[in-house]
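Chains, contacts and geometry: an overview
Listed below are the residues making up each chain.
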Amino acid sequence: MNLAVFASGNGSNLQAIINSCRKGKIAADLKLVFSDRPAAYALTRARRAKVPSIVSLVPRDFPSREAYDQACVELLQREQIDLVVLAGYMRILSPLFIDAFRGRIMNIHPSLLPAFKGGHAIEDALAYGVRVTGVTVHFVDEQIDHGPIIAQAPVRILAQDTRETLAARIHRAEHRLYPQAVEMFVSGRLKICGRTVIPS
Ligand code: GRF
């Protein structure tokens, strides 16, 4: 099975997936790392790991979101990608992209969905005063942070937490959970039934 990871930034989740593939914990080939930002540190990680295909396309070089996503889909099809793993990819995918890979795109979000959707989940959980937040891996559909949930892990919020200390624990939870969720897909153990993902 061939994996592609899409990342816009630091790529620590990409790194966790690279490490799990290397150790054989994910029995798949990481064939492609893609970014919308040529300067993303994720691309440096991909180069170091000698990922066979490393591609960055700049959105402003394309006339529309659809044209950009069409180029992504063609790339994924050319590389015969089975699963697209979004790991801090900051663009919203168009329906064209989601349709082409329905049930084969995963995302990780730093909260227990459906709480704290959007781009500031860690800050929002802190500001709201919840005692427990966490991480969610889900399939991607047309709505933001919405698709069927694959796996979740809780992270307790401590009285002395700052954005930084909480983010660090959330990232550690992500790095454990995301490779496990990818491996479940790779080994054919995830079945989507409506909103529910049934693991076996
Ligand atoms: C993670 O917190 C993830 O939940 C969110 O974006 C962040 C990416 O971090 N979608 P990194 O680039 O993998 O370090």
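This structure is a prediction, so every number in the text was calculated from the model and none was measured. (Residues numbered from 1 in each chain as written. Predicted model: local features only at pLDDT ≥ 70, side-chain atom pairs only at ≥ 80, totals over all residues. Heavy atoms only, no water.)

1. Quick word on the site of the ligand
Heads up, the rule is: Proximity criterion: a residue is near a molecule or strand once any of its heavy atoms comes within 4 Å of it. The term polar contact refers here to a pair of N or O atoms within 3.5 Å; inside protein, the definition further demands a hydrogen-donor-capable atom paired with an acceptor-capable atom, and it admits residues adjacent in sequence only when both atoms are side-chain atoms. Methods summary: accessible areas were calculated by the Shrake-Rupley approach with a probe of 1.4 Å, and residue burial reflects only the protein chains presented. Helix numbers and strand numbers start at the N terminus; a helix is a DSSP run of H or I with at least 4 residues, a strand a run of E with at least 2.
Around the ligand, the neighbouring residues are Asn10, Gly11, Ser12, Asn13, Gly88, Ile108, His109, Pro110, His171 and Glu174. Within the contact set of the ligand, an oxygen atom lies 2.8 Å away from a backbone nitrogen or oxygen of Asn13. His171 places a polar side-chain atom, nitrogen or oxygen, 3.3 Å from an oxygen atom of the ligand. Against a free-state accessible area of 370 Å², the protein chains account for coverage of 84% of the ligand. Broken down by secondary-structure element, the contributors of at least two residues to the shell around the ligand are helix H1 (12-22), strand S5 (105-109) and helix H6 (163-186).

2. Quick look at the pattern of salt bridges
The condition that has to hold: By convention in these notes, a salt bridge is any Lys or Arg side-chain nitrogen within 4 Å of a carboxyl oxygen on Asp or Glu. Buried residues are those whose accessible area, probed at 1.4 Å on protein chains only, stays under 20% of the maximum for their type, while exposed residues exceed 50% and partly exposed ones sit between those limits.
Within this structure, the stated rule accounts for 4 salt bridges. We note a salt bridge from Arg102 to Asp99, for which the minimum N-O separation is 2.7 Å. With relative accessibility at 53%, the residue Asp99 sits in the exposed group. Asp161 is the partner of Arg169 in a salt bridge, and the nearest nitrogen-oxygen pair spans 2.6 Å. By relative accessible area, which is 12% here, Asp161 ends up buried.

So far we have only geometry, and geometry alone does not tell us how the molecule works.
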